[in-house]
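Each chain is listed here by its residues.
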Amino acid sequence: MDIIKRIYSTIKKNISNNSGLLNGQMGELLFLAHYDEIRGRHSDILPLIDDQNIIRNTDTLVYSNGLCGILSGLKILECLGTGYVFDFNTNSMNSLISVEIDKCMSNKNYDFIYGALGMLLCQLLISGDKELIVKSLNAINKQKENIDSMIFFTSYNRKTFETNYCNLGLAHGMAAMINILGQLNFVIKDKVLTKSLLQGLHHFYKQKENIDELSLFPYGVSCKSKIRKSRLAWCYGDPGIGISFLNAGVYSQSNDLIEYGVEILDQAQKRKDLKENMVYDPFFCHGTSGLAMIFLNAYKKTGMQSFKLSAEYWLYKTIDFVEKSDITKNPNGLLEGLSGVGLCLLSFDLKENLPWEKLLLIN
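Read on for a plain summary of the structure. Counting from 1, residues in each chain are numbered in the order their sequence is written. Where totals are concerned, whole chains, interfaces and linings use all residues; where local detail is concerned, this predicted model gives features only for residues with pLDDT of at least 70, and gives and counts side-chain atom pairs only at 80 or more. For side-chain calculations, the full set of non-hydrogen atoms in the structure is used, while hydrogens and water are omitted.

## Some thoughts on the overall build of the chain
Stated formally: Secondary structure elements follow DSSP: runs of H or I of four or more residues count as helices, runs of E of two or more count as strands, with numbering from the N terminus. The buried label applies to any residue whose accessible area, calculated with a 1.4 Å probe on protein chains only, is under 20% of its type's maximum; exposed applies above 50%, and partly exposed to all values in between. Note on definitions: a residue-residue contact is assigned when non-hydrogen atoms from the two residues lie within 4.5 Å. Note on areas: Shrake-Rupley with a 1.4 Å probe; residue coverage comes only from the protein chains shown.
Within the chain, the regular secondary structure consists of 14 helices and 4 strands. Of all 363 residues assigned to the chain, the portion counted as buried reaches 59%. Across the chain, every contact between residues at least 6 apart in sequence was considered, and the portion connecting residues at least 24 apart equals 66%. For the chain, the accessible area works out to roughly 15000 Å², and carbon and sulfur atoms hold 48% of it.

Okay, here's the thing in structure tokens:
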């Protein structure tokens with residue numbers, strides 16, 4: 001039995017009661033649906049997709065375990081061979097999401113997983129309402145801060161409790177902002193604002209590099225927090241930042257952003273020691289499968305063979321982690337469980353981009 005089939009069997013026997021995208025049922029269903037589609041199997045998960053009940057029992061909008069993540073996952077399920085049809089009034093939902101994005105940004109909560117940016121990605125995935133998307137962009141623009149040519153966004157640091165903290169990572173910080181601004185630049189007509197924000201953020205990151213550290217960037221920047229190296233991961237650190245600049249550069253046709261993304265990822269791919277780089281598991285968030293997917297997509301966008309080799313290195317480390325563990329004792333989620341690992345393996349197995357990759361800002 002191959003490793004992907006083992007993951008499939010394990011997840012199907014133990015579907016989560018939590019309906020969320022990142023660590024709940026929606027992420028699990030996405031893996032099962034992709035597996036059935038790719039392996040040419042008749043999908044039998046449609047009875048599990050009780051979308052109306054899921055929506056009724058969801059009391060938050062956040063991307064991680066709320067309405068925005070669930071709607072995004074359902075939209076991806078629609079394009080797979082499950083027979084599911086996405087049938088919601090997206091106009092009313094988009095209006096609700098726009099109001100919440102404005103509230104989040106007013107509170108400096110631009111977090112991708114728990115704040116405004118995850119909600120904005122949901123708007124991009126489920127709707128073509130450019131007017132509401134531009135409204136959300138303007139809510140983001142109102143909260144920007146400037147120093148000379150640099151643009152940055154401050155937020156709340158949950159460890160030090162300071163309110164003027166610049167999180168540089170993808171899961172909770174400005175890297176997700178860069179990634180999504182690139183997508184916005186692609187879909188809206190007036191690109192002046194998105195390009196201005198991307199340029200200013202690029203200048204900010206250039207000034208915050210750690211020249212003498214193992215990592216190019218720290219976790220974040222503030223007057224109180226000690227600058228220190230960051231782990232090698234999707235959630236925090238150089239790989240998530242690098243793929244965000246590369247994606248934004250491709251979307252906005254900016255050679256400067258593409259080259260900067262490549263530069264960051266080239267530095268990151270030299271870091272292979274698991275312990276030194278705080279890589280302890282095979283999962284997507286801060287483990288090997290997230291790194292494998294980042295370098296796989298970097299290879300596909302640039303054609304650089306070194307990125308292909310790095311992707312394969314982290315793929316083998318992922319397989320090694322899973323084979324040495326009791327697979328039934330691992331969590332099943334997309335972000336920190338077997339669903340994310342399984343989807344990563346499917347992306348390598350098929351050697352082409354799969355719909356799920358949009359959900360985690362990889363492609």
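## Digging into the packing of helix 8 (residues 174-187) against helix 9 (residues 192-207)
The criterion, for reference: Comment: axis = line fitted to C-alpha atoms, over the contacting stretch for helices; angle = value between 0 and 180 degrees taken between N-to-C directions. Should an angle fall under 35 degrees it is taken as roughly parallel, and over 145 as roughly antiparallel, whereas 65 to 115 is taken as roughly perpendicular and any remaining angle as oblique. Crossings are assigned a handedness: left-handed for a near helix turned anticlockwise from the far helix by less than a right angle, right-handed for a clockwise turn. Residues are grouped as follows: nonpolar covers Ala, Val, Leu, Ile, Met, Phe, Trp, Tyr, Cys and Pro; charged covers Asp, Glu, Lys and Arg; every other residue, Gly included, is treated as polar.
Between helix 8 and helix 9, the shortest axis-to-axis distance is 9 Å and the interhelical angle comes to 150°. What the angle tells us is that helix 8 and helix 9 run roughly antiparallel. Note on packing geometry: the crossing formed by helix 8 with helix 9 is left-handed. Two secondary-structure elements touch here, helix 8 through Met 174, Ala 175, Met 177, Ile 178, Leu 181, Gly 182, Leu 184 and Asn 185 and helix 9 through Thr 194, Lys 195, Leu 197, Leu 198, Leu 201, Phe 204 and Tyr 205. Residues that form the contact of helix 8 with helix 9 fall into these classes: 11 nonpolar, 3 polar and 1 charged.

## Concerning helix 5 (residues 90-106)
The following threshold applies: Expected span of a helix, by definition, is 1.5 Å for each gap between consecutive residues, and there is one gap fewer than residues. We call two N or O atoms a polar contact when they sit within 3.5 Å, provided that within protein one can donate a hydrogen and the other can accept it, with sequence-adjacent residues counted only if both atoms are side-chain atoms.
Over its 17 residues, helix 5 runs 24 Å from end to end, which matches the ideal 24 Å to within 8%, given 1.5 Å per residue. Looking at the buried residues of helix 5, the elements they touch are helix 4 (67-78), helix 6 (116-126) and helix 7 (130-142). The residue sitting at the N-terminus of helix 5 and contributing the capping side-chain oxygen is Asn 89; that oxygen lies 3.1 Å from the backbone nitrogen of Asn 91. Within two residues after helix 5, Lys 108 carries a phi angle of roughly 60°, on the positive side.

## As for the environment of Leu 334
Position of Leu 334 among the secondary structure elements: in the loop between helix 13 (305-323) and helix 14 (338-350). In this structure Leu 334 comes out as buried when scored by relative accessible area, which is 1%. C-alpha separation for the pair Leu 334 and Leu 168, spaced 166 residues apart in sequence, amounts to 23 Å. Sequence-distant contacts of Leu 334, that is, excluding residues within four places in its chain, are made with Leu 21, Leu 22, Asn 23, Gly 27, Phe 284, Ser 339, Gly 340, Leu 343, Trp 356 and Leu 360.

## Looking at helix 6
Within helix 6, 11 of the 11 residues are buried, leaving the element largely enclosed by the surrounding structure. Restricting attention to buried positions, one finds in helix 6 the residues Ala 116, Leu 117, Gly 118, Met 119, Leu 120, Leu 121, Cys 122, Gln 123, Leu 124, Leu 125 and Ile 126. In this structure, the buried side of helix 6 is in contact with helix 4, helix 5, helix 7 and helix 8.

## What about the side chain of Gln 183?
As for its position among the elements, Gln 183 is in helix 8. Residues in contact with Gln 183, not counting those within four places in the same chain, are Leu 121, Leu 124, Tyr 251 and Leu 361.

## Some thoughts on the packing of aromatic side chains
The test is simple: Here a pair means two rings of Phe, Tyr or Trp (six-membered ring of Trp) with centres within 6.5 Å. Their orientation is stacked below 30 degrees between planes, edge-to-face above 60, and tilted elsewhere. A ring is scored as having a charge over it whenever the NZ atom of a lysine or the CZ atom of an arginine sits within 6 Å of its centre and within 35 degrees of its normal.
Going through the model one piece at a time under the given rule, you end up with 18 aromatic pairs. An angle of 65° between the planes, with centres 5.2 Å apart, marks the rings of Phe 86 and Phe 88 as edge-to-face. On the accessibility criterion, Phe 86 (9% relative accessible area) is buried. Assessed through its relative accessible area of 14%, Phe 88 is described here as buried. When the centroid spacing of 5.5 Å and the interplanar angle of 75° are considered together, the rings of Tyr 205 and Phe 217 count as edge-to-face. A residue pair is termed long-range when its members are at least 10 positions apart, and Tyr 205 in helix 9 and Phe 217 in the loop between helix 9 and strand 4 (220-221) qualify at 12 residues. Ring-pair connections join several aromatic residues into one group, and the members of that group are Phe 152, Phe 204, Tyr 205, Phe 217, Phe 245 and Tyr 260. The ring of Tyr 313 has Lys 272 lying over it, and the distance from NZ or CZ to the ring centre is 5.5 Å.

## Quick word on the packing of helix 6 against helix 7
The relative placement of two packed helices is expressed as an angle between their axes plus a distance between the axes. At a minimum axis distance of 10 Å, the contact between helix 6 and helix 7 shows a crossing angle of 160°. Viewed along their axes, helix 6 and helix 7 adopt a mutual orientation that is roughly antiparallel. In the crossing of helix 6 with helix 7, the sense of the turn from one axis to the other is left-handed. Here Leu 117, Leu 120, Gln 123 and Leu 124 of helix 6 come into contact with helix 7, specifically with Leu 132, Ile 133, Ser 136 and Ile 140.

So far we have only geometry, and geometry alone does not tell us how the molecule works.
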